[in-house]
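A structural walkthrough
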Amino acid sequence: DCLARISQTQDWKTAAFRYMDFHPNSPSLLMALVTTEDTVLLYNESFENKSCLKDLDQKHITCVAFRPWSQELAVGCSAGVCLWMSNRRSQLYRQIRHIQGTHHMRILEEKGHTYVTSLQWNEDGTILVSASLGSKHIILWEPDYQQKMRLIPDPASKSSISLLRFSPDFKEILCASCSNGASVCQLDRSMWRYLEQVPIKGRIQTAVWTTCSSHLLFVKEGSTRLYSRTKEEEVLLLKRPQPSWRIDMVANMQEVCCSGEWRHCGQPLTIAMDPLGNYLAVIFKHQSFVLLCLLAPARRGPPVTTPVKFIECDGDAMTDAEVYPTCMAFAAVRCNNFENKRVLVICWSTTHIQSFAINSQNAIETQGPQFMD
């Protein structure tokens, strides 16, 4: 029940698809998709060829994370972290592109570190950070050296961690509590340092960093408001520049307008950031669509969000069952002209997988008020 409560997946207990992740360095689209049967499916760019990663010890899967510059996949589950490795041996890009071969798995275990809730790799894939319901600390794993380190993000907190989010510059990591508040820590190969407590009441339901690492966008449990932890201009303190932060409200998403159409949206369940930094996608509780917003930087303060499209399911409509999105993720796909194309992949309750390519034709900025105060 606790996993379902903190999950960012619509109807986590019964959803056919619970979580997805894209490989950050693959020359073509490579996706890992978690099913309700605790199986991880690996898909290529055509969503046709797939491999299945399944093991008796791999139960209650909550998250997966591709290892950067590698053909390995970390899976968070009740036993701890399952690390899958392809049996292929060839050049790096070929390994990543053809990860759908045979695999072997080993479990990264630590006493009490059970029911993993979140996984994050560092920039070069040498350190894996994991959080779990079974303990209030996080673990830094170095799989290549079979070493690990236990760290407590906030010594004053007695709660476990539900969500980890590295900033895109990998200088900070958000550690959101399962019960109340969050902390931000500095983490690299040579140093671990607690930076600050995020000054909010309540649990963070979902959070993403902007690509510039200057804004942490988040939504609290039970709220319709999108907030930003915004980095202000640096000030001199003891002759050292130190960043100063503040919390701003970005938008109230209770009622949203796109192209003149107002819709009741309500509470965001999960938000996803475009890897190129221009778009934000939102899944709401008990709603049948995904909201796509354009992000624009402000001269001072948090970014400005402009709703541009309500994305509906483009699958077979011949069903009496309610159709709603369960999970989603962005990917940047390199085209033949060497430009990156944005793709938002959405899993629907009907098991349909929708790939929504974002361009200037299908995402046009609207004019006038878009959020109801």
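The coordinates are above.
Owing to the predicted nature of the structure, the values given are computational and were not obtained by experimental measurement. In every chain, residue numbers begin from 1 and rise along the written sequence. For this predicted model, a pLDDT threshold of at least 70 governs which residues receive local features, and a threshold of 80 or more governs which side-chain atom pairs are given and counted, while totals over whole chains, interfaces and linings are taken from all residues. Hydrogens and water are ignored here; the side-chain numbers use all heavy atoms of the structure.

The numbering of helices and of strands both runs from the N terminus, where a helix is a DSSP run of H or I of at least 4 residues and a strand a run of E of at least 2. When helices and strands are tallied, the chain shows 2 helices and 31 strands. Working definition: with a 1.4 Å probe on protein chains only, accessible area under 20% of the residue-type maximum means buried, over 50% means exposed, and in between means partly exposed. Put simply, the chain has 373 residues, and 55% of those count as buried. The contacts of the chain with a sequence gap of at least 6 include a subset with a gap of at least 24, amounting to 48%. Put simply, the chain shows about 17600 Å² of open surface, and 48% of that area lies on carbon and sulfur atoms. Should any heavy atoms of two residues lie within 4.5 Å, those residues are considered in contact. To measure how exposed things are, a 1.4 Å probe is used in the Shrake-Rupley method; for residues, cover is taken only from the protein chains shown.

What follows deals with the sheet that holds strand 27 (residues 290-296). Strands are treated as partners if at least two bridges between them are detected by DSSP. Strand order in the open sheet made by the 4 strands is 25-26-27-28, with antiparallel pairing throughout. At either end of the open sheet lies a strand with only one pairing partner, and these are strand 25 (268-273) and strand 28 (304-311). Strand after strand, the sheet turns through a mean of 25° between neighbouring axes, direction not considered. Both strand 25 and strand 26 (residues 279-284) contribute to a ladder of 5 bridges, which runs antiparallel. Across the sheet, the residue bridging to Thr270 is Ile283, located in strand 26. An axis is simply a line fitted to the C-alpha atoms; with a helix, the fit covers only the stretch in contact. Between two such axes, the angle follows the N-to-C directions and lies from 0 to 180 degrees.

To continue, consider the side chain of Ser177. Relative to the helices and strands, Ser177 is located in strand 14 (residues 172-177). Pairs of N or O atoms within 3.5 Å make up the polar contacts considered here, provided that, within protein, one atom can donate a hydrogen while the other can accept it, and that residues adjacent in sequence are counted only when both atoms are side-chain atoms. Of the polar contacts made by the side chain of Ser177, one reaches the backbone nitrogen of Ser179; its length is 3.0 Å. For Ser177, the contacting residues outside a window of four places in its chain are Ser157, Ser159, Ser160, Ile161, Ser162, Ala182 and Arg203.

Here we take up the pairing of strand 26. For strand 26, a buried count of 6 out of 6 residues is recorded, marking the element as mostly surrounded by other parts of the structure. Hairpin connection, strand 25 to strand 26: the antiparallel pair is bridged by 5 residues, and Gly277 has positive phi, about 85°. One ladder, built from 5 bridges, connects strand 26 with strand 27; its direction is antiparallel. Among the inter-strand pairings, Val282 is bridged to a residue of strand 27, identified as Leu291.

Take the pattern of salt bridges next. One speaks of a salt bridge when a side-chain nitrogen belonging to Lys or Arg is within 4 Å of a carboxyl oxygen belonging to Asp or Glu. Evaluated as defined, the whole model comprises 14 salt bridges. Between Asp1 and Lys13 there is a salt bridge, and its shortest N-O distance comes to 2.5 Å. Of the two residues, Asp1 is situated in the segment before helix 1 (2-6) and Lys13 in the loop between helix 1 and strand 1 (17-22); the sequence distance between them amounts to 12 residues. With respect to burial, Asp1 and Lys13 carry one shared label: exposed. As a salt-bridge pair, Arg342 and Asp274 come within 2.6 Å of each other at their nearest N and O atoms. Pair noted here: Arg342 is in strand 30 (residues 340-348) and Asp274 is in the loop between strand 25 and strand 26, with a separation of 68 residues, a long-range link.

Attention shifts here to the packing of aromatic side chains. Centre distance and the angle of the planes are the two values used to describe a pair of aromatic rings. Stacked, edge-to-face and tilted labels apply to pairs of Phe, Tyr and Trp rings (six-membered ring for Trp) whose centres lie within 6.5 Å, assigned for plane angles under 30 degrees, over 60, and everything in between, in that order. One pass over the full model with this rule turns up 4 aromatic pairs. Ring geometry for Phe218 versus Tyr227: centroids 5.8 Å apart, planes at 20°, classification stacked. Classification of Tyr227 as buried rests on a relative accessible area of 17%. Of the aromatic side chains, those joined through ring pairs into one cluster are Phe284, Phe289 and Phe310. Our definition puts a charge over a ring when NZ of Lys or CZ of Arg is within 6 Å of the ring centre and also within 35 degrees of the ring normal. For the cation-ring pair, Arg263 lies above Phe289, with the distance from its terminal atom to the ring centre recorded as 4.9 Å.

Residues Cys63 and Ala65 line one face of strand 5 (residues 63-66) and the alternating positions Val64 and Phe66 line the opposite face, and both faces are buried. In this structure, strand 5 lies alongside strand 6 (residues 72-77), joined through 4 bridges in antiparallel fashion. In the sheet register, Phe66 faces strand 6, and the bridge partner there is Leu73. Linkage of strand 5 to strand 6, two consecutive antiparallel strands, is achieved through a turn of 5 residues, within which Trp69 is found at a positive phi near 55°.

Everything listed here is a matter of coordinates, which is why it stays silent on function.
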